[in-house]
Amino acid sequence: MSKEEVNQEEEPVSPTGQYFNSSVLSVSILAVLESQIPINDSPTLTLLRDVFLPINPRFSSIMVRDKNGVKQWRRVDVKLKDHVKVPIFPAGMSPEFYDEYLRDYLSNIAMDQLSQIKPLWEIHIIKYPTTSAAGNVVFKLHHALGDGFSLMGALLSCLQRADDPSLPLTFPSFGASAKLDSEEHSIFRGVPQAISGLLNTISDFGWSLMKSSFVEDDRTPVRSGDEGVEFRPINITTMTFCLDQIKQIKASLKVTINDVIAGAIFMGTRLYMEETKHELINAKSTALVLLNTRNIGGYKSLNQMAVAKSDDEDTLWGNQFGFLHVPLPELKDESARDPLEFVFKAQQIIQRKKNSAAVYLTGSLLEAVRKYRGPEATAKYIHSTLKNSSMTISNMIGPMEQMALANHPIKGLYFMVVGVPQSLTITMMSYMRKLRVAVGTEKELIDSNKFKSCIQNAFDILFKAAVKSESQPNI
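This write-up is about the structure you can find in this document.

Conventions and cut-offs
Residues numbered from 1 in each chain as written. Predicted model: local features only at pLDDT ≥ 70, side-chain atom pairs only at ≥ 80, totals over all residues. Heavy atoms only, no water. Helix = DSSP H or I, 4+ residues; strand = E, 2+ residues; numbered from the N terminus. Buried < 20%, exposed > 50% of the residue type's maximum accessible area, 1.4 Å probe, protein only. 1 Å grid on protein atoms, 1.4 Å probe; cavity = no way out; pocket = protein on both sides within 12 Å on 5 of 7 lines; lining within 4 Å. Points joined across faces, edges and corners; volume = space filled by probe spheres on them. Nonpolar A, V, L, I, M, F, W, Y, C, P; charged D, E, K, R; others polar. Core = buried A, V, L, I, M, F, W, Y, C linked by side-chain atoms within 4.5 Å. Phe/Tyr/Trp six-rings, centres within 6.5 Å; stacked < 30°, edge-to-face > 60°. Salt bridge = Lys/Arg side-chain N within 4 Å of Asp/Glu carboxyl O.

**Remarks on unusual backbone geometry**
For step 1, the next point in the chain: One non-glycine residue, N407, adopts positive backbone phi at about 70 degrees.
For step 2, the next point in the chain: Within the secondary structure, N407 is located in the loop between β13 (403–405) and β14 (408–418).
For step 3, the next point in the chain: A relative accessible area of 69% places N407 in the exposed class.
For step 4, the next point in the chain: A positive phi angle is found at R433, which is not glycine, with a value near 65 degrees.
For step 5, the next point in the chain: Considering the arrangement of structural elements, one finds R433 in the loop between β15 (424–431) and β16 (434–442).

Here is the structure:
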């Protein structure tokens, strides 16, 4: 294909893609793959040319404006070497030393803006052993390219099962958990649920409007609330939880895995606030919980996403998600404290908000703002939504089997959303029956090690309480 033919190929940028790459927002995703063996980067360019670029035209496109000022994806010739970074660290140091260097390196690339004159992605190959891996491969992908579902599907297409590349990767079920009450679908319950859903929709949509406009969370040890917080250095740290233990809590309390994790995060955040500034222990704080609006039953193949019709929104490549505003439950005095309340509160709040069409109404509102005021005004609205809240929580489901990248077994993986105007971002990724939680914290505000310790402490308290509850006989 000639350069002239390449440059003639254009497709419109989706509305969400325009919001995430605007004058007020530039959001990217860092995906970190931890190699079990020392990295040989000789196949990198071949893998990118033959596997990565063909996944989607956006990986070979830049964002431009047409003669009417509308943003378009324009195909260009990709100079792969410009997208591959191999940093040089001091040689012969300890894994602990490289832990610190990797943290600083991730902080630096999180703050760096992707160049707008070449496709919006980079790959960083860190060949130095840390305490967690023999080497690390870091993909930096602009969020304008797609949502987590699309981009995870893209990355997985570059990977194979480590035990047998001819076999497909398998994933935990995406299906909804079984209903605890078999009568839930009864017609007698349908009417009250419809009324409840309507009331929840009105309440949640109104609250969302206020949170995105003028109602801010309090300034706390986890929220500076300052302008330009998205440009400040961050720390990215991770912790690992055993999915079997999470499932044990889930079974004991008859809740979902997401309820357990949300409860641990909310309780851990309150414990951190208590330890850091006790008088702000129950300050007004809200989490934005990411909700994928696709009705998915699993990751689709890249071919399915590439050829999907415009009315098949569950399969289309792109950004399809919304946020739930979830207030953090308050932490009671230690003498009256029941740790399981955090899980039940998280379940109650999230379930109530899911029984609401507020997410879809907000999507319609954003589209109306874009239509009548333009994408920049919509981006400002989204920026305000993020800035006025205390944290964002998102999660992805990874494969159950170990993966390999160019014959490098992947020991672990995690991701982080960067460039958001918040002091605290939490992401979760399941892989090989473990849950990796990554925490992005504003460097000068949050003690990342203390915060991590509080989350771990909260989980341990919840686990002990749930196991104790399960072992107690019913009276």
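That was the structure; now back to the text.
**A closer look at empty space enclosed by the protein**
For step 1, the next point in the chain: Within this structure, the stated rule accounts for 4 cavities of 30 Å³ or more.
For step 2, the next point in the chain: The calculated volume of the largest cavity comes to roughly 200 Å³.
For step 3, the next point in the chain: Looking at the largest cavity, it is lined by 17 residues, and the ones nearest its centre are T44, L47, V137, L405 and A406.
For step 4, the next point in the chain: Mapped by element, the contributors of at least two residues to the lining of the largest cavity are α3 (44–52), β6 (121–126), β7 (135–142) and β14.
For step 5, the next point in the chain: The element best represented in the lining of the largest cavity is α3, accounting for 3 residues.
For step 6, the next point in the chain: A breakdown of the residues in the lining of the largest cavity according to their chemical character gives 12 nonpolar, 4 polar and 1 charged.
For step 7, the next point in the chain: Put simply, the second largest cavity is a space of about 150 Å³.

**Some remarks on the nonpolar core**
One broad rule of soluble globular proteins: the nonpolar side chains tend to lie buried together.
For step 1, the next point in the chain: Counting 52 residues, the largest nonpolar core has F52, F59, W121, I123 and F139 as its most contacted members.
For step 2, the next point in the chain: Judged by nonpolar contacts, the second largest core, of 49 residues, contains L243, I246, L340 and A465.

**A closer look at the environment of D112**
For step 1, the next point in the chain: Within the fold, D112 resides in the loop between α4 (95–111) and β6.
For step 2, the next point in the chain: In this structure D112 comes out as partly exposed when scored by relative accessible area, which is 47%.
For step 3, the next point in the chain: For D112 and V418, which are 306 residues apart along the polypeptide, the C-alpha to C-alpha distance reads 10.0 Å.

**Regarding the packing of aromatic side chains**
For step 1, the next point in the chain: Going through the model one piece at a time under the given rule, you end up with 12 aromatic pairs.
For step 2, the next point in the chain: Taking 4.7 Å as the distance between ring centres and 50 degrees as the angle between the ring planes, the aromatic pair formed by F241 and F459 counts as tilted. Highlighted residues: F241 in strand β9 (residues 234–242) and F459 in helix α13 (residues 448–471), separated in sequence by 218 residues. Each member of the pair, F241 as well as F459, carries the same accessibility label: buried.
For step 3, the next point in the chain: Among the aromatic residues, ring-to-ring pairing joins F89, F97, Y98, Y101, Y105 and Y128 into one connected group.

**Some details on the pattern of salt bridges**
When charged atoms on two side chains of opposite charge get close, those side chains can pair.
For step 1, the next point in the chain: All chains considered together, the criterion is met by 16 salt bridges.
For step 2, the next point in the chain: Between R49 and D50 there is a salt bridge, with its nearest N and O atoms 3.1 Å apart.
For step 3, the next point in the chain: The exposure class of R49 is partly exposed, given its relative accessible area of 45%.
For step 4, the next point in the chain: A salt bridge links K387 to E227, with the shortest nitrogen-to-oxygen separation between them at 3.7 Å. Remark: E227 occurs in the loop between α6 (187–213) and β9 and K387 occurs in helix α12 (residues 375–387); sequence separation between them is 160 residues.

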